[in-house]
Each structure stands twice: as structure tokens, then as C-alpha cells.
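So you can see what is in the structure, the chains are spelled out below.
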Amino acid sequence: SRFAVLHHYDGASIRLSVHAFDNAAAPLCTVERSGGTSSSNGDLSALEGTPRYYIAYFDSGSDRDYQLLRLDSDHAEIRAEPLPWYDSSYDKGYQGLVGLIELPSGNLIISIQRDSHPVIYDPVNRHMLRKLNLADRMGNPTLQLVARRHEIWADDYDTLLKLDIDSFKVKASRRLQGTDPRRQQFIGQWSLDEEQSLCYVPRPYSGDVLAVSMDNMKTSYSAALGKQPLEAVALGDGRVIARDWQTGQ
């Protein structure tokens, strides 16, 4: 019934707000961290069940870098932690950290910009466990846990993949956008339907949205929308809504 939004302020402060779906504009509560201190207001009971971990570029006062942010809902505060593995081996002007998911084990998978090897990280002992191998397309991977299917879904530039949640091996993959000889072509921000049976993939270079079966990764339906759909969701009545890349419409 609720969702959380992480707000960035050029690295100087971070604010997490929790909202109800039936009144999205008004936050139920907020937790903010600036430098070394946290502050909060609103109905702090809304923090219960809120995701615990986030990634953001943050200036903690002693370290200005991408950091792991940990929400302590009991004390209504955000803690910032450096990531030891995110070091000079990465080109930090080119390879930011773009997202994470928390696994049932409590470990995290953190994805890196322009990198096909997301990192599995133990936030308790604070060390990297291993790296995953996606499609070697050097994309900005988005990951989603699909517990009902015991899978992790991910993208890698122009390719959609599903991985086993235990072994992290790729179970299947499909390249969904062709390559023009003059430019590379990526897929947009995909989403899953409520039943987790279809994955909706916008293709900005093809002007459509594909509904890909989560069983066999074949196309079940397509919606020819025109323009350049970059983000897409499906409603329960079969309609598809997408946002155009160039205009935002």
C-alpha cells in the first residue's frame, strides 16, 4: 500500500519519503541525512516494511562518492557506508552505481553503469562475494527479484535475461533490439505485469512495446505506439502506457 522515494541533492544531502498509493503527492513521513546527522518527521510507523538499502552519490563529510545508504527504521535515520570494492579499478567518471536489489539471504546485488558484471555484496560483513555475468553488452543493468518464479530478471543494454536466484546462472536471454550499422540500439525501462507472467519491454528504436512471456521469453503481444517509447507499463485491462524518449509525452 506504500512506496518509497529517494531524493538526491547534488551529493550534499539525501531524503527518503514514504507515500501511500491512494494519495501519492503527500508524504506520510520523511527521513533526511545531511552530512553526519539525520532528521525525521511525520508518521514514522510508515517506515515499517520500507526497503532498507539504497545507492546514491553522497557527501558524508568525510567521503564524497557513491555510497550504500541503510535505513534504520527503528531509529528513523539513514546511515551512509562506503563500498570498499568500488575503487580505482572503476572509471568513476564513467561508471556510476545505478541500483540494487536485496536478496532473500540479505545480500545485495549492485549494478554498475556501463558494466555487465553486477556485484553481490554482503552488507553485514561489508565485502564483495562475487560478480555476475550478464550478456557482455556493457549496459546499465536494471535488476528485479521475481520471488514467485525463483528468478532474477535483468537487462544488459539490448538484451533481457533471467537468472536462477540460487546459482545466479543465466537461465535464458533474448536480444530484443537490433543494431543499426551507424548506431547501437538499447531497450528501454521494462516492467512486469501483476501476475508476473509477462515482461513489457519498450523499444525506442522500433517504436513499440513487446509483451515477452516470462516462461519462454517469446513475444506474446506487441503494441505499435510509434515515436520512441522509453518506459512502459501495462494496465490490467490490456492497455499499455509508455513515455516517449524525446518529448516526455
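Our structure's up above, just so we're on the same page.
Here the structure is a predicted model, which is why all the values come from computation and not from measurement.

Cut-offs used in this document
Residues numbered from 1 in each chain as written. Predicted model: local features only at pLDDT ≥ 70, side-chain atom pairs only at ≥ 80, totals over all residues. Heavy atoms only, no water. Helix = DSSP H or I, 4+ residues; strand = E, 2+ residues; numbered from the N terminus. Rg over C-alpha atoms; globule rule 2.2 N^0.38 Å. Contact = heavy atoms within 4.5 Å. Areas by Shrake-Rupley, 256 points an atom, 1.4 Å probe, with all protein chains shown as cover. Lys, Arg positive; Asp, Glu negative; His and termini not counted. Charge placed at Lys NZ, Arg CZ, Asp CG, Glu CD. Pairing = 2+ DSSP bridges. Axes fitted to C-alpha atoms, helices over the stretch in contact; angles between N-to-C directions. Salt bridge = Lys/Arg side-chain N within 4 Å of Asp/Glu carboxyl O. Buried < 20%, exposed > 50% of the residue type's maximum accessible area, 1.4 Å probe, protein only. Core = buried A, V, L, I, M, F, W, Y, C linked by side-chain atoms within 4.5 Å. Polar contact = N/O pair within 3.5 Å; in protein donor to acceptor, adjacent residues only side chain to side chain.

### Focus: the overall build of the protein chain
Then, number 1: Scanning the protein chain from terminus to terminus reveals zero helices and 21 strands.
Then, number 2: What you see for the protein chain is a C-alpha radius of gyration of 19 Å, in line with the 18 Å of a compact globule of 249 residues.
Then, number 3: For the C-alpha atoms alone, the extent of the protein chain along its principal axes is close to 50 × 45 × 35 Å.
Then, number 4: Counting contacts in the protein chain only where the partners sit at least 6 residues apart, residues at least 24 apart contribute 34% of the total.
Then, number 5: Summed over all atoms, the accessible surface of the protein chain reaches about 12,800 Å², with 46% contributed by carbon and sulfur.
Then, number 6: Here the protein chain carries 27 positive and 33 negative side-chain charges, and the mean point of each set is 5 Å from the other.

### Re the sheet that holds strand β9 (residues 108-112)
Sheets are built from strands that pair by backbone hydrogen bonding, the pairs being arranged parallel or antiparallel.
Then, number 1: Pairing is antiparallel across the open sheet formed by four strands, whose spatial order is β8-β9-β10-β11. Two strands lie at the open edges of the sheet, namely β8 (97-102) and β11 (127-131), each paired on one side alone. When strand polarity is set aside, the average angle formed by the axes of neighbouring strands in this sheet is 30°.
Then, number 2: Two elements, β8 and β9, share five bridges in a ladder whose sense is antiparallel. Across the sheet, Ile-101 pairs through a bridge with Ile-109, a residue of β9.

### Describing the sheet that holds strand β17 (residues 198-203)
Then, number 1: With antiparallel pairing, the four strands of this open sheet are ordered in space as β16-β17-β18-β19. Unpaired on one side and paired on the other, β16 (191-192) and β19 (219-224) mark the two borders of the sheet.
Then, number 2: With six bridges connecting them, β17 and strand β18 (residues 208-213) associate as antiparallel partners. Residue pairing for β18: Leu-198 is matched across the bridge by Ser-213.

### Brief notes about the pairing of β19
Residues in a regular strand point their side chains to alternate faces of the sheet.
Then, number 1: As paired elements, β18 and β19 share five bridges and run antiparallel to each other. Residue pairing across strands places Ala-211 opposite Tyr-221, the latter belonging to β19.
Then, number 2: In this structure, the hairpin formed by β18 and β19 is closed by a connection of five residues, where Met-217 is found at a positive phi of approximately 65°.

### Focus on the pattern of salt bridges
Then, number 1: Scanning the entire structure with this criterion turns up 15 salt bridges.
Then, number 2: The partner of Lys-171 in a salt bridge is Glu-151, and the shortest N-O contact between them spans 2.8 Å. With a gap of 20 residues between them, Lys-171 in strand β15 (residues 170-175) and Glu-151 in strand β13 (residues 151-156) connect regions that are remote in the sequence.
Then, number 3: Accessibility expressed as a relative area gives 4% for Glu-151, which makes it buried.
Then, number 4: Residues joined by salt bridges that share partners form a network here, namely Arg-70, Glu-81 and Arg-126.

### Overview of unusual backbone geometry
Then, number 1: With a phi close to 60°, Arg-126 is a non-glycine residue in the positive phi region.
Then, number 2: Checked against the element boundaries, Arg-126 lands in the loop between β10 (119-122) and β11.
Then, number 3: For Arg-126, a relative accessible area of 44% gives the class partly exposed.

### Side note on the nonpolar core
Then, number 1: Counting residues in each nonpolar core, the largest one holds 15 residues, and the members touching the most others are Leu-6, Ile-14, Leu-47, Leu-69 and Ile-78.
Then, number 2: Where this core is concerned, the elements lending two or more residues are β2 (13-20), β3 (23-34), β5 (53-59) and β6 (64-72).
Then, number 3: If we ignore the near neighbours within four places in the chain, the residues touching Ile-78 are Ile-14, Leu-16, Val-31, Arg-33, Ser-38, Leu-69, Arg-70 and Leu-71.

### Observations regarding the side chain of Arg-33
Then, number 1: Note on placement: Arg-33 falls in strand β3.
Then, number 2: The buried charged residue Arg-33 lacks any salt bridge partner; its closest oppositely charged side chain belongs to Glu-77, at an N-O distance of 5.7 Å.
Then, number 3: Among the polar contacts listed, one links the side chain of Arg-33 to the backbone oxygen of Ile-78, at a separation of 2.8 Å.
Then, number 4: Those residues in contact with Arg-33, other than ones at most four positions away along the chain, are Ser-13, Ile-14, Ser-38, Phe-58, Ile-78, Arg-79 and Ala-80.

### Considering the pairing of β18
Then, number 1: β18 sits mainly inside the fold: six of its six residues count as buried.
Then, number 2: Alternating positions in β18 separate into two faces, Asp-208, Leu-210 and Val-212 on one and Val-209, Ala-211 and Ser-213 on the other, with burial throughout.
Then, number 3: Count of turn residues in the β17/β18 antiparallel hairpin: four residues, of which Gly-207 carries a positive phi of about 70°.

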